[in-house]
Amino acid sequence: MPSKKILIGAAAALMLLAAAYLATGAETGLVSDPASAAAPDTTGCIYPKEYMHSHHMQVLADWKEHAAHEGPDAVMTAPDGRRFQKDLATCLGCHSDNRQFCFSCHTYANVKPNCWNCHISPQDLP
Amino acid sequence: MNEERRTFMKKAGLGLMAGFGAAAIASSPLFERVAASAWAAAPKRPGTRWGMVIDTRRCREGCSACVDACRLSHNVPTFSDPRRRVEWIHREEGRALLGSACATQKLLPALCNHCEEPSCVRSCPTDSIFRRRDGIVAVDYHRCIGCRSCMLGCPYGEVSFNWSDPRPAITEPTPDYPTRQQGVVEKCNFCSDRLKRGLQPSCSSRCPEGAMTFGDLNDPDSAVRRLLASSDSMRRKPELGTEPKVYYII
């Protein structure tokens, strides 16, 4: 009987901890000082490779919305504490090295996103 | 007797006219001295509020450095047809810009006023033109459906529409900034991309005479506030109540 109570207590504590973690803004922290937001962190991937494979459209849609509306305040804090300026330039800081980064997969899957109608594609650069 | 009465009436009439005239000039809303305390006493919105002061006394005849700098840094297309022209900043005669109280015949720079109460934002049905927390009125080109309501709503005519693909019309493309596509509006964004990197807007930084001053209107020590406190300034169509944030010193 006491073991059941302990289990319930542990579950409640876990839920509280999770709520506290979510409430601190794990996904989108609003930053007041623009100096820290100005420097894009390009040290590593923002999410695991597998997640980006399946969910890069959702991530890009979220970044697009925040970057356009909040400007310098649009900062993403990764679960490990690194902060990224939400900006296509942050993505391209690493991913423009491979000029086929978007295109090879999109050609294979026959999807035609309209990002590069306006944004300058790395392929268009001399 | 009659003659005396006649001259008295004449003089009294002249005096009355002069009095009314003086009162009209003194209370005229065309010129305004923005006292340093006026902003501090009742800041409408806290935080940064970007604004610009253009000292037209320094503006040189025939100079188009600000317009060229803007066109270059934001991939603004150059269409020859005047009805399809796309402009973020252009030059207009002082009288046409600021009304009959402005006597100058010089061409003055005119750009989006980034109004405190922007009518373009009210007219946008998709919320793609909006007022940012720092006072910049920005366009989210991803959301724009090209209905041109903002062009009708803007009393200053500072929103342009891309009637055709702008890319072939860009003379000197800059890879640092995106272009737009056919069917979206575009306008000045107070160089929010440069502000993010800690730089001044390209028009004010490229002005050879330093006539354009950019800064935070909420900061009492900023250069814009000092300029506004030191001289009389004018705004475009202040009677409409849109509260423009681009000031002209005549």
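Residues numbered from 1 in each chain as written. Chains lettered and ligands numbered in written order. Predicted model: local features only at pLDDT ≥ 70, side-chain atom pairs only at ≥ 80, totals over all residues. Heavy atoms only, no water.

K.L.:
Explain the overall build of chain B to me, please; I cannot follow it from the model alone.
P.N.:
Each helix and strand in chain B was counted, giving 9 helices and 9 strands. The proportion of buried residues among the 250 residues of chain B is 46%. Sequence separation of 24 or more characterises 65% of the internal contacts of chain B that already satisfy a separation of 6 or more. (Helix = DSSP H or I, 4+ residues; strand = E, 2+ residues; numbered from the N terminus. Buried < 20%, exposed > 50% of the residue type's maximum accessible area, 1.4 Å probe, protein only. Contact = heavy atoms within 4.5 Å.)

K.L.:
When you look at the overall build of chain A in this model, what are you seeing that I'm missing?
P.N.:
Each helix and strand counted, chain A has 5 helices and 3 strands in total. Each helix and strand of chain A, ordered N terminal to C terminal, gives the series α-β-α-α-β-β-α-α. Counting across all 126 residues of chain A, residues that qualify as buried make up 21%. In chain A, the share of contacts with a sequence separation of at least 24, taken over all contacts with a separation of at least 6, comes to 56%. Accessible surface, chain A: about 8600 Å² in total, of which carbon and sulfur atoms supply 66%. (Areas by Shrake-Rupley, 256 points an atom, 1.4 Å probe, with all protein chains shown as cover.)

K.L.:
Before we go on, may I ask you to explain the interface of chain A and chain B in this structure?
P.N.:
Accessible area lost upon the coming together of the parts is a frequently used measure of interface size. Facing the 20 residues of chain A at the interface are 17 residues of chain B. Note on chain A versus chain B: buried area summed over both sides is about 1600 Å², and carbon and sulfur give 51% of it. Area buried by chain A at its contact with chain B is led by H69, C118 and I120 of chain A, which between them contribute 33% of it. There are 4 salt bridges connecting chain A and chain B. Its salt-bridge partner being R133 of chain B, residue D73 of chain A comes within 3.2 Å of it at the nearest N-O pair. Across the contact surface, chain A and chain B share 10 residue pairs in polar contact (both at pLDDT 80 or more). Here the side of chain A that touches chain B gets 5 residues from one element, more than from any other, and that element is helix 3 (residues 49-70) of chain A. Of the residues contributing to the side of chain A that touches chain B, the split by class is 8 nonpolar, 5 polar and 7 charged. (Buried area = accessible area lost by both parts, 1.4 Å probe. Salt bridge = Lys/Arg side-chain N within 4 Å of Asp/Glu carboxyl O. Polar contact = N/O pair within 3.5 Å; in protein donor to acceptor, adjacent residues only side chain to side chain. Nonpolar A, V, L, I, M, F, W, Y, C, P; charged D, E, K, R; others polar.)

K.L.:
Looking at this structure, how should I read the pattern of salt bridges?
P.N.:
Between side chains of opposite charge, a pair can form as their charged atoms come close. All names here are of chain B. Using the criterion set out here, one finds 18 salt bridges over all chains in the structure. In this structure, D193 and R197 form a salt bridge, with 4.0 Å as the shortest nitrogen-oxygen distance. Via salt bridges that share partners, R49, E116, R131 and K245 belong to a single interconnected network.

K.L.:
Honestly, helix 3 (residues 65-73) of chain B in this entry has me stumped. Any pointers?
P.N.:
Owing to its 3.6 residues per turn, the α-helix aligns residues three or four sequence positions apart on the same side. All names here are of chain B. Along helix 3, the positions that sit buried rather than exposed are C66, V67, A69, C70, R71 and S73. Buried positions along helix 3 lie against strand 2 (89-93), strand 3 (107-111), helix 8 (202-206) and strand 8 (212-216). In the stretch just after helix 3, N75 is the one whose phi turns positive, near 55°.

K.L.:
What is the right way to read the nonpolar core from this model?
P.N.:
General note: in soluble globular proteins, nonpolar side chains tend to be found buried as a group. All names here are of chain B. Formed by 31 residues in total, the largest nonpolar core has its most connected members in M52, L111 and F190. Of all elements in the fold, only strand 1 (50-55), helix 3, helix 4 (94-98), strand 3, strand 8 and strand 9 (246-249) reach the threshold of two or more residues within this core. By size, the runner-up hydrophobic cluster in this structure holds 14 residues, among which are C115, C150, V159 and V185. (Core = buried A, V, L, I, M, F, W, Y, C linked by side-chain atoms within 4.5 Å.)

K.L.:
Where do I start with the sheet that holds strand 1 of chain B in this structure?
P.N.:
Within a sheet, each strand pairs with its neighbour through backbone hydrogen bonds, oriented either parallel or antiparallel. Residue and element names in this part refer to chain B. Overall, mixed pairing links the 3 strands, which are arranged 8-1-9 in an open sheet. Strands with a single pairing partner mark the edges of an open sheet, and in this sheet they are strand 8 and strand 9. Direction aside, the axes of adjacent strands within the sheet are offset by 20° on average. Across 5 bridges, strand 1 lies against strand 8 in antiparallel orientation. From the neighbouring strand, G51 faces strand 8, where its bridge partner is G215. Packed on one face of the sheet, helix 9 (residues 223-230) meets strand 1, strand 8 and strand 9 and runs near 115° to strand 8. (Pairing = 2+ DSSP bridges. Axes fitted to C-alpha atoms, helices over the stretch in contact; angles between N-to-C directions.)

K.L.:
For this particular structure, what's the right way to read the environment of V121 of chain B?
P.N.:
All names here are of chain B. Relative to the elements of secondary structure, V121 occurs in helix 5 (residues 119-123). For V121 and V139, which are 18 residues apart along the polypeptide, the C-alpha to C-alpha distance reads 9.3 Å. Apart from residues no more than four positions distant in its own chain, V121 is found in contact with I129, F130, R131 and V137.

K.L.:
Would you mind going over empty space enclosed by the protein with me for this structure?
P.N.:
Rolled over the atoms, a probe sized like a water molecule indicates the empty space that remains. All names here are of chain B. What the rule picks out here adds up to 3 cavities of 30 Å³ or more. Each pocket or cavity is described by its volume, and for the largest cavity that value is around 110 Å³. Taken together, 14 residues make up the lining of the largest cavity; nearest its centre are C112, C115, C120, C154 and Y156. Here the lining of the largest cavity is composed, by residue class, of 9 nonpolar, 3 polar and 2 charged. (1 Å grid on protein atoms, 1.4 Å probe; cavity = no way out; pocket = protein on both sides within 12 Å on 5 of 7 lines; lining within 4 Å. Points joined across faces, edges and corners; volume = space filled by probe spheres on them.)

K.L.:
What's the story with the confidence of the model for chain A in this structure? I'm lost.
P.N.:
Low-pLDDT stretches of the model should not have their predicted coordinates read in fine detail. The predicted model of chain A averages 75 in pLDDT, with 70% of residues at 70 or higher. Throughout residues 20-38 of chain A the model reports pLDDT below 50, and contacts reaching past four residues in sequence, or to other chains, amount to 26 contacts. (pLDDT = per-residue confidence, 0-100.)

K.L.:
How should I be thinking about the packing of aromatic side chains in this particular structure?
P.N.:
For any pair of aromatic rings, the description consists of the separation of the ring centres together with the inter-plane angle of the planes. Residue and element names in this part refer to chain B. Going through the model one piece at a time under the given rule, you end up with 6 aromatic pairs over all chains. Note on W50 and F214: the rings are 5.1 Å apart at their centroids and 15° apart in plane angle, and the pair reads as stacked. A residue pair is termed long-range when its members are at least 10 positions apart, and W50 in strand 1 and F214 in strand 8 qualify at 164 residues. By relative accessible area, W50 is classed as partly exposed at 21%. Judged by centre distance (5.0 Å) and plane angle (85°), the rings of F190 and F214 are edge-to-face. Taken together, the residues span a long stretch of sequence, with F190 in the loop between strand 7 (185-186) and helix 7 (192-196) and F214 in strand 8 at a distance of 24 residues. (Phe/Tyr/Trp six-rings, centres within 6.5 Å; stacked < 30°, edge-to-face > 60°.)

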